[in-house]
Amino acid sequence: MTQQVITATITILIGVAGSILYFVGTNWLLDRIFPFRDGASPNAARNHRITTAVRPWLFLGPALLALGVYLIYPVFETLRLSLYNRDTTAFVGFDNYAWLVGDAGFRESILNNFMWLLVVPTAATFFGLMAAVLTDRIWWGNIAKSLVFMPMAISFVGASVIWKFVYDYRAAGSEQIGILNAFVVWLGFEPQAWIAVPVWNNFFLMVILIWIQTGFAMVILSAALRGIPEETMEAAVIDGANDFQIFFHIMVPQIWGTIAVVWTTITIVVLKVFDIVFAMTNGQWNSQVLGNLMYDWMFRGFDFGRGAAIAIVIMVLVTPIMISNIRRAKAETKGH
Amino acid sequence: MASVKLSGVRKAYGEMEILHGIDLDIKKGEFVVFVGPSGCGKSTLLRAIAGLEQVTGGTIEIDGIVSNDIPPSKRGIAMVFQSYALYPHMTVRDNMAFGLRMSRSPKEEIDRRIAKAADILQLTPYLHRLPKALSGGQRQRVAIGRAICRDPKVFLFDEPLSNLDAALRVATRIEIAKLNESMPDTTMIYVTHDQVEAMTLADRIVVLRGGNVEQVGTPMELYHKPANLFVAQFIGSPAMNIVPVEGSVANGVASVAPKGGRALSAKTESGMERLAGPLSLGVRPENIDLVDEAKALFSGTVTYAEQLGEVEILYVDIGAGEQPIVVKIPGYHAIERGRGVHLAPQKGAIHLFDAKGNAVEHQIL
């Protein structure tokens, strides 16, 4: 333990010192090679131009390198792996993709992912918007907001553990420790093994992600709502709009851009969903999703070709949403 | 088309009272301006009339109906906001139509009213534009157009010109004056801190300070007969000169003199004792003449002179630690800094205020 703490501290110190050394050092070197500050150098103006052109690249260099090694390179490597057989010994072309199309597990995952995609972003954005609007009207709004936001601080796996207790199943007649079954039994019904009920179990898993993402949606939308000029709402009051009409005709259109960004951001999270399914059902009982399917093939089946092919499919699905999101965010910031 | 009657209107936020019982009678078709320094409660009063603020006491009658509990949209009012408050996601046409749609007016009626308002305000070419594609002046006109479309009985303006630049402000001020002329039956209430707007637009001005009405009157009444020191100094630019004087009464005639200066004789019908003791003498810069030493009430040195061509504004130090006296004289005098001058206020233009700051009606003998 002590050994680990010491190692960690030393690593941090070396990292920080190394970074400082890099920035100061390269800067110093640049000024040495292209001097312009003393004014005596005959090429002062030209050197100044060169240093201003080079310096950003020097300072961005480490970040670009890290992004290249850990983000760009893996994309191409994954693409390459997906065109090879299970242990990357033979080129198989698009065989892995052809297999995907025919695979029942893959089709189940696509269908489930699609359901997640329909339900989770919509529900999380809707509940987040409701929470943002309603918490602004009550005196304990800030407490309510903290409570709604709190799940954001819990890891997906942690959240899954919590919800495993909520959905916990004990045989009929014995004491139910899961709150959902306890409630169902109290109402006089039979207890159910919720996460093992095909089709419906998907929705029980979605609830977990909605529970987590509502806080995110609420915080962003709450800030957007605050940005709506008060006077436009007062003008609408004078124009005779009631609370619902003000909400739908005046408030929502003014934060429409933000709603779209929140919605698409959650969409990306949903497409990548893995931990919740992994921890709750591990894809059993027809609850498989792409993320977990990829993990299964990659690290359980050790079929790098098929795993990589699934990864590429996920990336292709996420990319357009990401691009639209970035465009919208850019337009949003340019508008002001 | 509607009168507005305020009786004992109070507004408090918790312990803090903003309006301390306002009584006001606004006749139908009148253009009334609320004016006063920041925080005097003028906007709060306007918002109370609009129904955007609930009053904590008193009644607001619009057209003879107590409106305290009537929602803003049913009061027959329209309001033009300082920030225009246009709906940013709606075109000019939709902005103007919104209120009518909310009240489910028939489409032909909506089109007719928009066409009329757009015509009055020369907005017809911009009807399909979004507010962000309009200039500040055009946005302000849309805000006014939106109000016109509601065909209100009472038109409320909350500092509508303060976001415009100086030239546009003058032009829009004239447009509002024209609008008022073209709608003789519509009562208009206008809030501003700019006394020029107040003087040029108002039939009557209400001067507010600290949540109380200081004076209500026509612009000329306020200028010539301010009821107290505050109004005297608030209306007019440069502000009225105030000089402390000492009054004493003997044989039915009061003698009023600045410290170490020549005395004036004065009389009042409202109780001679009000002219005894410490008083304030007020005189507007434009009512002071340059005179011979023998006739002077004040003498001093010009410490600063602003030559504007048509007029010249002198700052005269009369010693005795008093504020310099500001004098506005025709520009051709061309008096320079450092000159000694002798000043006398014009007889009919002297204002006297008692120790509490209230004006004392009087004659200078």
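Residues numbered from 1 in each chain as written. Chains lettered and ligands numbered in written order. Predicted model: local features only at pLDDT ≥ 70, side-chain atom pairs only at ≥ 80, totals over all residues. Heavy atoms only, no water.

A. Main features of the overall build of chain B. The number of helices and strands found in chain B is 8 helices and 22 strands. Per-residue burial for chain B yields a buried fraction of 51% across its 365 residues. Of all intrachain contacts in chain B linking residues separated by at least 6 positions in sequence, the fraction that spans at least 24 positions is 64%. In the structure as shown, chain B presents an accessible area of about 16,600 Å², 50% of it carried by carbon and sulfur atoms. Considering chain B, the positive charge centre built from 40 side chains and the negative charge centre built from 41 side chains are found 6 Å apart. (Helix = DSSP H or I, 4+ residues; strand = E, 2+ residues; numbered from the N terminus. Buried < 20%, exposed > 50% of the residue type's maximum accessible area, 1.4 Å probe, protein only. Contact = heavy atoms within 4.5 Å. Areas by Shrake-Rupley, 256 points an atom, 1.4 Å probe, with all protein chains shown as cover. Lys, Arg positive; Asp, Glu negative; His and termini not counted. Charge placed at Lys NZ, Arg CZ, Asp CG, Glu CD.)

B. Structural view of the interface of chain B and chain A. In this assembly, 22 residues from chain B lie in contact with 15 residues from chain A. Where chain B abuts chain A, roughly 1,600 Å² becomes buried across the two surfaces, and 64% of that area is made up of carbon and sulfur atoms. In terms of surface lost to chain A, no three residues of chain B exceed Tyr87, His89 and Met102 of chain B, which account for 32% of the buried area on that side. The interface formed by chain B and chain A holds 2 salt bridges in total. Between glutamate 234 of chain A and arginine 47 of chain B there is a salt bridge, with its nearest N and O atoms 2.7 Å apart. Of all the secondary-structure elements, those providing two or more residues to the side of chain B that touches chain A are α1 (42-50), β6 (77-80) and α2 (92-102) of chain B. Class assignment of the residues belonging to the side of chain B that touches chain A gives a composition of 14 nonpolar, 5 polar and 3 charged. (Buried area = accessible area lost by both parts, 1.4 Å probe. Salt bridge = Lys/Arg side-chain N within 4 Å of Asp/Glu carboxyl O. Nonpolar A, V, L, I, M, F, W, Y, C, P; charged D, E, K, R; others polar.)

C. View of the packing of aromatic side chains. All chains considered together, the criterion is met by 23 aromatic pairs over all chains. Ring centres of tryptophan 163 of chain A and tryptophan 211 of chain A lie 5.6 Å apart, and the angle between their planes is 75 degrees; on these two criteria the pair is classed as edge-to-face. You can see tryptophan 163 of chain A sitting in helix α6 (residues 156-166) and its partner tryptophan 211 of chain A sitting in helix α8 (residues 200-226), a full 48 residues away along the chain. Ring centres 6.1 Å apart and planes at 25 degrees place the aromatic pair phenylalanine 183 of chain A and tryptophan 186 of chain A in the stacked group. Of this pair, phenylalanine 183 of chain A and tryptophan 186 of chain A both sit in helix α7 (residues 179-186), separated by 3 residues, roughly a single helical turn. On the accessibility criterion, tryptophan 186 of chain A (68% relative accessible area) is exposed. Here a set of aromatic residues connected by ring pairs shows up, and it is made of Trp163, Tyr167, Trp194, Phe204 and Trp211 of chain A. The cationic tip of arginine 146 of chain B hangs over the ring face of tyrosine 87 of chain B; the distance from NZ or CZ to the ring centre is 4.7 Å. In this arrangement the basic side chain of arginine 284 of chain B is found over the ring face of tyrosine 223 of chain B, its NZ or CZ atom lying 4.3 Å from the centre. (Phe/Tyr/Trp six-rings, centres within 6.5 Å; stacked < 30°, edge-to-face > 60°. Lys NZ or Arg CZ within 6 Å of the ring centre and 35° of its normal.)

D. Expanded view of the pairing of strand β3 (residues 31-35) of chain B. All names here are of chain B. Counting buried positions along β3 gives 5 out of 5 residues, so the element sits mostly inside the fold. Residues Phe31, Val33 and Val35 line one face of β3 and the alternating positions Val32 and Phe34 line the opposite face, and both faces are buried. The sheet contact formed by β3 and strand β8 (residues 187-192) spans 5 bridges and is parallel. Residue pairing in the sheet places valine 33 in a bridge with tyrosine 190 of β8. With 4 bridges joining them, β3 and strand β9 (residues 204-209) adopt parallel strand pairing. (Pairing = 2+ DSSP bridges.)

E. Spatial organisation of the sheet that holds strand β11 (residues 241-250) of chain B. Residues and elements named next belong to chain B. The strand order across the open sheet formed by 7 strands is β21-β20-β14-β11-β12-β13-β22, and the pairing between neighbours is antiparallel. Where the open sheet ends on each side, the last strands, each with one partner, are β21 (359-360) and β22 (363-364). Sheet analysis places strand β13 (residues 264-267) next to β22, joined by 2 bridges and oriented antiparallel. From the neighbouring strand, lysine 267 faces β22, where its bridge partner is glutamine 363.

F. Region of the structure containing α1 of chain B. For α1 of chain B, a buried count of 8 out of 9 residues is recorded, marking the element as mostly surrounded by other parts of the structure. Of the residues trailing α1 of chain B, glycine 51 of chain B is marked for its positive phi of about 95 degrees.

G. Geometry of a nonpolar patch on the surface. Residues and elements named next belong to chain A. On the surface, Trp57, Leu60, Leu64, Leu67, Leu71, Ile72, Val75, Phe76, Leu79 and Met315 cluster together to form a nonpolar patch covering roughly 970 Å² of accessible area. Element by element, the count of residues in the nonpolar patch is highest for helix α2 (residues 44-81), at 9 residues. With respect to the secondary-structure elements, tryptophan 57 resides in helix α2. When its relative accessible area of 59% is taken as the criterion, tryptophan 57 is described as exposed. (Patch = residues over 30% accessible without salt bridge, like charges linked within 9 Å, V, L, I, M, F, W, Y side chains within 5 Å.)

H. Highlighting the environment of aspartate 151 of chain B. Inspection of the secondary structure assignment puts aspartate 151 of chain B in the loop between α4 (136-149) and β7 (154-158). Taking the C-alpha atoms as reference points, aspartate 151 of chain B and glycine 76 of chain B, separated by 75 residues in sequence, lie 8.1 Å from one another.

I. Structural detail: the pairing of strand β16 (residues 298-307) of chain B. All names here are of chain B. Relative to strand β19 (residues 340-345), β16 runs antiparallel, the two sharing 4 bridges. Following the sheet pairing, serine 299 is matched in β19 by histidine 342. Note that β16 and strand β17 (residues 311-317) share 6 bridges and pair antiparallel. From the neighbouring strand, alanine 305 faces β17, where its bridge partner is leucine 314. A loop of 3 residues connects β16 with β17, the two strands running antiparallel in sequence, and glycine 309 in this loop sits at a positive phi of about 95 degrees.

J. Structural view of the domain arrangement of chain A. Residue and element names in this part refer to chain A. What the domain assignment lists for chain A is domain 1 (2-81) and domain 2 (96-334). Here the C-alpha centre of domain 2 lies 39 Å away from the C-alpha centre of domain 1. Counting residues at the interface gives 4 residues for domain 1, matched by 8 residues for domain 2. Each partner contributes to the roughly 430 Å² buried at the junction of domain 1 and domain 2, and carbon and sulfur atoms together form 83% of this total. In this structure, the connection of domain 1 to domain 2 is made through 0 salt bridges. Scanning the region where domain 1 abuts domain 2 turns up 0 residue pairs in polar contact (both at pLDDT 80 or more). In terms of residue class, the side of domain 1 that touches domain 2 is made up of 3 nonpolar, 1 polar and no charged. (Domains from an automatic or database assignment. Polar contact = N/O pair within 3.5 Å; in protein donor to acceptor, adjacent residues only side chain to side chain.)

K. The arrangement of the pattern of salt bridges in detail. Tallied over the entire structure, the rule returns 25 salt bridges over all chains. Between aspartate 31 of chain A and arginine 55 of chain A there is a salt bridge; the shortest N-O distance is 3.4 Å. Of this pair, aspartate 31 of chain A sits in helix α1 (residues 2-33) while arginine 55 of chain A sits in helix α2; the two residues are 24 residues apart in sequence, bridging distant segments of the chain. Judged by relative accessible area, arginine 55 of chain A falls into the buried class, the value being 19%. Notably, a salt bridge pairs aspartate 25 of chain B with lysine 5 of chain B, separated by 3.9 Å at the nearest N-O pair. A residue pair is termed long-range when its members are at least 10 positions apart, and aspartate 25 of chain B in strand β2 (residues 16-26) and lysine 5 of chain B in strand β1 (residues 4-13) qualify at 20 residues.

L. Inspection of unusual backbone geometry at higher detail. A cis amide bond links serine 237 of chain B with the next residue in sequence, proline 238 of chain B, at an omega value of -5 degrees. Mapped onto the fold, proline 238 of chain B is located in the loop between α8 (229-234) and β11. We note that threonine 88 of chain A has phi near 60 degrees; this positive angle belongs to a residue other than glycine. Examined against the element boundaries, threonine 88 of chain A turns out to sit in the loop between α2 and α3 (95-102). The exposure class of threonine 88 of chain A is partly exposed, given its relative accessible area of 25%. Non-glycine residue tyrosine 84 of chain B carries a positive phi angle of around 70 degrees. Looking at the secondary structure, you find tyrosine 84 of chain B in the loop between β6 and α2. Taking relative accessible area as the criterion, tyrosine 84 of chain B reaches 8% and is therefore assigned buried.

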